[in-house]
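Understanding the architecture of this molecule
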Amino acid sequence: MADTALVLIDPRKIAPDPDNVRRDGPDELDGLAESIREHGLLQPLGVARQNGGFRVVYGSRRRAAAIIAGLPEVPCMV
């Protein structure tokens, strides 16, 4: 089993999951972004290493909302 680690990553540097079934637009994410501004990101994103960077495995909406909220980094499980 691979080791997992909690790291802080700029959400803009995490590639989205191309197979994500949700296709929310920015308007649908405004409420989540506001909640993240108020309370912070309460659950880490799941990411995988890909081509020298990271790709989101779970938490695509939280990643997008964190970008809208202007967070410089988010907690991620690698």
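Quick note: structure is the one above.
For the structure given in this document, a descriptive report is provided here. (Residues numbered from 1 in each chain as written. Predicted model: local features only at pLDDT ≥ 70, side-chain atom pairs only at ≥ 80, totals over all residues. Heavy atoms only, no water.)

Things to note about the sheet that holds strand S2 (residues 14-15)
Paired through their backbone hydrogen bonds, the strands of a sheet run either parallel or antiparallel. Note the following rule: Criterion used throughout: strands pair if DSSP finds at least two bridges between them. Helical segments are the DSSP runs of H or I of at least four residues, strand segments are the runs of E of at least two, and each set is numbered from the N terminus. In this description, contact between two residues means that some pair of their heavy atoms is separated by no more than 4.5 Å. To define axes, lines are fitted to C-alpha atoms, for helices over the stretch in contact only, and angles between the resulting N-to-C directions are given on a 0 to 180 degree scale.
Taken together, 5 strands build an open sheet; the order of strands is S1-S5-S3-S4-S2 and the sheet is mixed. Each of the sheet's edge strands pairs with one partner strand only, and the pair in question is strand S1 (6-9) and S2. Where S1 and strand S5 (residues 74-77) come together, 4 bridges link them in antiparallel fashion. If you follow valine 7 over to S5, its bridge partner there is cysteine 76. Sheet contacts for helix H2 (residues 60-69): S2, strand S3 (45-50), strand S4 (53-58) and S5; angle to S4, the most-contacted strand, approximately 125°.

Digging into the nonpolar core
Proteins that are soluble and globular tend to have nonpolar side chains buried together. What counts, and what does not: In plain words, nonpolar cores are sets of buried Ala, Val, Leu, Ile, Met, Phe, Trp, Tyr and Cys residues tied together by side-chain atoms within 4.5 Å. Exposure categories follow from relative accessible area, calculated using a 1.4 Å probe and restricted to protein chains: below 20% of the type maximum is buried, above 50% is exposed, and the middle band is partly exposed.
If you look at the biggest cluster of nonpolar residues, it comprises 16 residues, and the most contacted ones within it are Ile14, Val47, Val74 and Cys76. When residues of this core are assigned to their parent elements, the largest contribution, 3 residues, is made by H2. When sequence neighbours within four positions are dropped, the list of residues in contact with valine 74 reads Val7, Leu8, Ile9, Pro11, Ile14, Leu41, Leu45 and Ala66.

Geometry only, nothing functional implied.
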